[in-house]
Amino acid sequence: MEKSGATFDEIDARILRALQRDATLSADALSDAVSLSRNAAWRRVKRMEDAGIIRKRVALLDADAVGRGLSVFAAIRTERHDADWARRFSQVTRSISEIVGVWRTSGELDYLLHIRVADVAGYDRLYRRLIEQIELKDVTASFVMEEIKETTELPV
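Residues numbered from 1 in each chain as written. Predicted model: local features only at pLDDT ≥ 70, side-chain atom pairs only at ≥ 80, totals over all residues. Heavy atoms only, no water.

Caption draft 1: View of the packing of aromatic side chains. For the structure on display, the rule yields five aromatic pairs. When the centroid spacing of 5.0 Å and the interplanar angle of 15 degrees are considered together, the rings of Trp85 and Phe89 count as stacked. Taken together, the positions of Trp85 and Phe89, both in helix H4 (residues 83–95) and four residues apart, correspond to about one turn of that helix. An identical accessibility class is assigned to Trp85 and Phe89; each is buried. Here Phe89 and Tyr111 contribute two aromatic rings whose centre-to-centre distance is 4.3 Å and whose plane-to-plane angle is 40 degrees, an arrangement assigned as tilted. Of this pair, Phe89 sits in helix H4 while Tyr111 sits in strand S5 (residues 111–117), and the two are 22 residues apart along the sequence. No difference in accessibility class separates Phe89 from Tyr111, as the two residues are buried. Taken together through their ring pairs, the aromatic side chains of Trp85, Phe89 and Tyr111 make up a single cluster. (Phe/Tyr/Trp six-rings, centres within 6.5 Å; stacked < 30°, edge-to-face > 60°. Helix = DSSP H or I, 4+ residues; strand = E, 2+ residues; numbered from the N terminus. Buried < 20%, exposed > 50% of the residue type's maximum accessible area, 1.4 Å probe, protein only.)

Caption draft 2: Structural detail: the nonpolar core. In terms of nonpolar packing, the biggest core is built from 19 residues, with Phe89, Leu113, Ile115 and Leu136 touching the most fellow members. Ignoring sequence-local partners within four residues, the contact set of Leu136 consists of Ile76, Arg77, Trp85, Phe89, Leu130 and Ile131. The next biggest cluster of nonpolar side chains, apart from the first, holds 11 residues, and it includes Ala13, Ile15, Leu16 and Met48. (Core = buried A, V, L, I, M, F, W, Y, C linked by side-chain atoms within 4.5 Å. Contact = heavy atoms within 4.5 Å.)

Okay, here's the thing in structure tokens:
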């Protein structure tokens, strides 16, 4: 398993699985979880951070508790595909904090946005801000009725 020339073995994979479940593990708890000495586990974590395999460690928040309980997926179509428009689209979507994910896609859609807002009115306000700042051909929103599975854990 590798990223940009950086390889990792099964012990590294165990470390990655443990940290994806709980990035607050102490060095001692992590070393116990993966059956390594504290220093060996720490050196492996540091090597994977330096290699970019571990990008960052974060706290995952409860969306309802912070007033962002409505999850929306917005499918975007555009008639513009030039570099200037794409750069502007990237700037605009990155500047709106409620947009938590943006993907350029193949097929019928050009972009898919994941948005977290309090309610439909919050989505409408975001939509109006978005179309004021960037020209779009079509925006189709789907409101999440039930979250069946959502995880940040990658299979390693």
